[in-house]
Amino acid sequence: PGSGKTTYCTGMLQFLTGMQRRVRVVNLDPANDYLPYECCADISELITLRDVMENLNLGPNGGMVYCLEFLEKNIDWLINKLTDSINEKEKSAAKKTKTNSPG
């Protein structure tokens with residue numbers, strides 16, 4: 001159990017779409033292994049904390065730092081995901097982006 005960031009993103013997504021707002025969600029938490037919503041970008045497609053901890057023998061803090069540095073080195077992946085989500089829905093591009101971040 002965390003601090004409720006995923007729950008918050010879920011609630012905001014439901015609230016905003018209920019108000020006919022266009023919204024997209026980005027998951028940047030490599031420790032999050034359950035998402036109750038669809039993301040336009042999900043870091044677990046790129047790297048997960050569990051894999052880093054198992055394969056590199058790092059603890060949770062070191063693993064998290066590694067994951068975020070890995071994302072930084074692969075920032076083009078995130079940019080492409082966000083760009084693709086805009087291009088797919090050009091006529092109805094999301095006006096709001098909610099980010100589920102680590103911590």
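Now for a description of the structure that goes with this document. Since we're looking at a predicted model, the values are computed, not measured.

**A short note on the packing of aromatic side chains**
So, point 1. Under the counting rule described, the total for this entry stands at one aromatic pair.
So, point 2. For the ring pair Tyr66 and Phe70, a centre distance of 6.3 Å and an interplane angle of 20° mean the geometry is stacked. Remark: Phe70 and Tyr66 occur in helix α3 (residues 60-73); sequence separation between them is four residues, near one turn of the helix.
So, point 3. On the accessibility criterion, Tyr66 (32% relative accessible area) is partly exposed.
So, point 4. Judged by relative accessible area, Phe70 falls into the partly exposed class, the value being 27%.

**Brief notes about the pattern of salt bridges**
So, point 1. Counting across every chain of the model gives two salt bridges.
So, point 2. Asp33 is the partner of Arg50 in a salt bridge, and the nearest nitrogen-oxygen pair spans 3.2 Å. Of this pair, Arg50 sits in helix α2 (residues 49-56) while Asp33 sits in the loop between β1 (23-27) and β2 (41-42), and the two are 17 residues apart along the sequence. Across the pair, exposure class does not vary: Arg50 and Asp33 are exposed alike.

**Some words on the side chain of Asp29**
So, point 1. The residue Asp29 is located in the loop between β1 and β2 in this model.
So, point 2. Discounting residues that sit within four places of it in the chain, Asp29 has contacts with Lys5, Ile43, Met64, Asn100, Ser101 and Pro102.

**What about the environment of Cys9?**
So, point 1. With respect to the helices and strands, the residue Cys9 is situated in helix α1 (residues 5-18).
So, point 2. In this structure Cys9 touches Tyr37, Lys98, Thr99 and Asn100, once residues within four positions along its chain are discounted.

**Observations regarding the side chain of Asp42**
So, point 1. Tracing the backbone through its elements, the reader meets Asp42 in strand β2.
So, point 2. A distance of 2.8 Å separates the side chain of Asp42 from the side chain of Asn27, its partner in a polar contact.
So, point 3. For Asp42, the residues in contact, after removing those within four places along its chain, are Asn27, Leu35 and Trp77.

So, how was this worked out
- Residues numbered from 1 in each chain as written.
- Predicted model: local features only at pLDDT ≥ 70, side-chain atom pairs only at ≥ 80, totals over all residues.
- Heavy atoms only, no water.
- Phe/Tyr/Trp six-rings, centres within 6.5 Å; stacked < 30°, edge-to-face > 60°.
- Helix = DSSP H or I, 4+ residues; strand = E, 2+ residues; numbered from the N terminus.
- Buried < 20%, exposed > 50% of the residue type's maximum accessible area, 1.4 Å probe, protein only.
- Salt bridge = Lys/Arg side-chain N within 4 Å of Asp/Glu carboxyl O.
- Contact = heavy atoms within 4.5 Å.
- Polar contact = N/O pair within 3.5 Å; in protein donor to acceptor, adjacent residues only side chain to side chain.

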